[in-house]
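Structural overview
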Amino acid sequence: MPNQFNLNDGQRAERKLLITVAQWDDTTGNIYAIVPKKPYDWTTNYSNYYTRSGSAPNYVYTALQSATTWSDNTYYKKVFREILGTRTEDSSIEYNADVQTMTDIRGINYTDVNRTQPQQDFNPFLILGGSKLGAMLNDIRRRNGLSELAGFTMYVITAFIHTGAGTAQSPYLYETERHLGCTIAFSGIGGDSNVNFPITVYFSNSVTLGTVNKLSNDFEFTPDVSV
Amino acid sequence: MAVNQFTLADGQRAERKLLITVAEWMESSTPVREILGTRTEDSSIEYNADVQTMTDIRGINYTDVNRTQPQQDFNPFLVLGGSKLGALLNDIRRRNALSELNQFTMYIITAFVDTGSGSHAYECEKHTGCTIAFSGIGGDSNVNFPITVYFSNVITLGTVNKLSDDFAFSADE
């Protein structure tokens, strides 16, 4: 049975409760994220990966001193994350479903949804001070380094569904979808009064379901069921 | 190489005037430049990306950005006294010498990224072999001569030391 909305009967979910977060690898990143799959540089750049000890919120991360046997969802790496939507007034995930309806010789319709290719536009996406995502995309843009646009992990947090009591002992855990291998493309740069740099997120559908423990970008994602 | 961050306070917007497009061409073996945008109220570089998304039989999507064909419209681009670019394009127009439209070097200055210390070093992309095409001439009260810049993607990255058209471009090492 699906988890129900944490809303009163008839209460609407405010838009701010649907949160899209971009994450990308950076050895200078300020957040440690768990590594789900064996990275291509595991044996050569092992010092970029960390083990974790201690307990929250005082975890200690220790860089590997040598290559070790790989294990999924065990090691950590440094990343940056950015919550998308600052200065954007309206944005939706569009699923672009391939829908086919056929009618058999008895006049009965059969409608199949064959696949989805979800994407989300952020327009305006202003050039804003402090935006590391904006700075990175602008750096890719000027170098025309298009293949670098495909390395994002995206989180879609549905904060209107959570478990937990919201206490220190039982914090809220918000339902989240994590997509690996997503693409963020820019469509233009310019505008009138301020510099706009609109982007589109292309979700991979390589989904891991799970929860996050907070709604700021330093959340910890805990996988539950993989689909 | 590390990504240079925006030279803006947290949350501060980049004013539109900090994204500057400059055209350069040769006249009598001497480069001539013109900053574009005078009397234009809204203009963006559109990247016209070729984006392909395919779904494999496991239901996973792969999205590739295969190429960009950036272009920028300037509309209105008024026929203005003192505009050397306007005069050049009008001369090409009247002679129908279309092959002369692809002689331009374009600079895109992102003045919201300044890597200089002591003196300015604004990040800049230099595209050589660009084309500027006019799409019409006419209008209502004044003569409009709207143009489109087609960027080549033959890029040299670098910096410029000032935001006027007499800047010096220094290629990155």
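Predicted model, so just to flag it, every value in this text is computed and none were measured.

Rules of the game
- Residues numbered from 1 in each chain as written.
- Chains lettered and ligands numbered in written order.
- Predicted model: local features only at pLDDT ≥ 70, side-chain atom pairs only at ≥ 80, totals over all residues.
- Contact = placed C-beta atoms within 7 Å.
- Helix = DSSP H or I, 4+ residues; strand = E, 2+ residues; numbered from the N terminus.
- Nonpolar A, V, L, I, M, F, W, Y, C, P; charged D, E, K, R; others polar.
- Pairing = 2+ DSSP bridges.
- Buried ≥ 20, exposed ≤ 12 C-beta atoms within 10 Å, placed from the backbone.
- Core = buried A, V, L, I, M, F, W, Y, C linked by C-beta atoms within 7 Å.
- Expected span 1.5 Å × (residues − 1).
- Arc of directions from axis to C-beta.
- pLDDT = per-residue confidence, 0-100.

With that settled, consider the interface of chain A and chain B. In this complex, chain A contributes 37 residues to the contact, which on the side of chain B involves 40 residues. Among the secondary structure elements, those contributing two or more residues to the side of chain A that touches chain B are α1 (132–143), β11 (173–186) and β12 (188–191) of chain A. Among the elements that line the side of chain A that touches chain B, the one with the most residues is α1 of chain A, at seven residues. Along the lines of polarity and charge, the residues of the side of chain A that touches chain B split into 14 nonpolar, 18 polar and five charged. Here β12 of chain A pairs with strand β3 (residues 43–46) of chain B via four bridges, running antiparallel. By the bridge assignment for β3 of chain B, Gly-191 of chain A is matched with Ser-43 of chain B.

Turning our attention to the pairing of strand β7 (residues 104–114) of chain B. All names here are of chain B. Most of β7 sits out of view: ten of its eleven residues are buried. Both β7 and strand β8 (residues 122–134) contribute to a ladder of seven bridges, which runs antiparallel. The residue bridging Phe-104 from the neighbouring strand is Cys-130, located in β8.

Of the consecutive residues Asn-123 of chain A and Pro-124 of chain A, the connecting peptide bond is found in the cis state with omega at 10 degrees. Relative to the assigned elements, Pro-124 of chain A resides in the loop between β9 (119–122) and α1. The omega angle of the peptide bond from Asn-75 of chain B to Pro-76 of chain B is 10 degrees, so this bond is cis rather than trans. Looking at the secondary structure, you find Pro-76 of chain B in the loop between β6 (71–74) and α1 (84–95). Phi at Arg-87 of chain A is positive, roughly 75 degrees, even though this residue is not glycine. With respect to the helices and strands, the residue Arg-87 of chain A is situated in the loop between β5 (76–83) and β6 (93–94). Even without being glycine, Asn-96 of chain B reaches a positive phi, approximately 55 degrees. Looking at where Asn-96 of chain B falls in the secondary structure, it is placed in the loop between α1 and β7.

What follows concerns the environment of Leu-133 of chain A. Residue and element names in this part refer to chain A. Note on placement: Leu-133 falls in helix α1. Residues Leu-133 and Leu-84, 49 residues apart in the sequence, show an inter-C-alpha distance of 9.2 Å. When neighbours within four sequence positions are excluded, Leu-133 is seen to be in contact with Ala-22 and Glu-82.

With that settled, the discussion passes to the nonpolar core. Grouped together as the largest cluster of nonpolar side chains are 68 residues, with contacts concentrated most on Ile-184, Val-195 and Ile-199 of chain A together with Met-106, Ile-109 and Phe-112 of chain B. Ignoring sequence-local partners within four residues, the contact set of Phe-112 of chain B consists of Ile-127 and Val-195 of chain A together with Phe-6, Thr-7, Leu-8, Ala-14 and Leu-18 of chain B.

We now examine α1 of chain B. Residue and element names in this part refer to chain B. Under the 1.5 Å per step criterion, the end-to-end length of α1 is 17 Å for twelve residues, consistent within 8% with the ideal 16 Å. Within α1 the residues assigned to the buried category are Leu-85, Gly-86, Leu-88 and Leu-89. Viewed along the axis of α1, the buried residues span an arc of 165 degrees, placing them on a single side of the element. When the buried face of α1 is taken as reference, the exposed residues oriented beyond 90 degrees from it are Asp-91, Arg-94 and Arg-95. Among the structural elements, β1 (19–27), β2 (30–35), β8 and β9 (147–150) are those in contact with the buried residues of α1. Just past α1, the residue Asn-96 takes up positive phi, approximately 55 degrees.

Mean pLDDT over chain A stands at 94; residues scoring 70 or higher make up 99%. Here strand β15 (residues 221–226) of chain A stands out as the least confident element of chain A, with mean pLDDT 79; strand β13 (residues 199–202) of chain A is the most confident, with 98.

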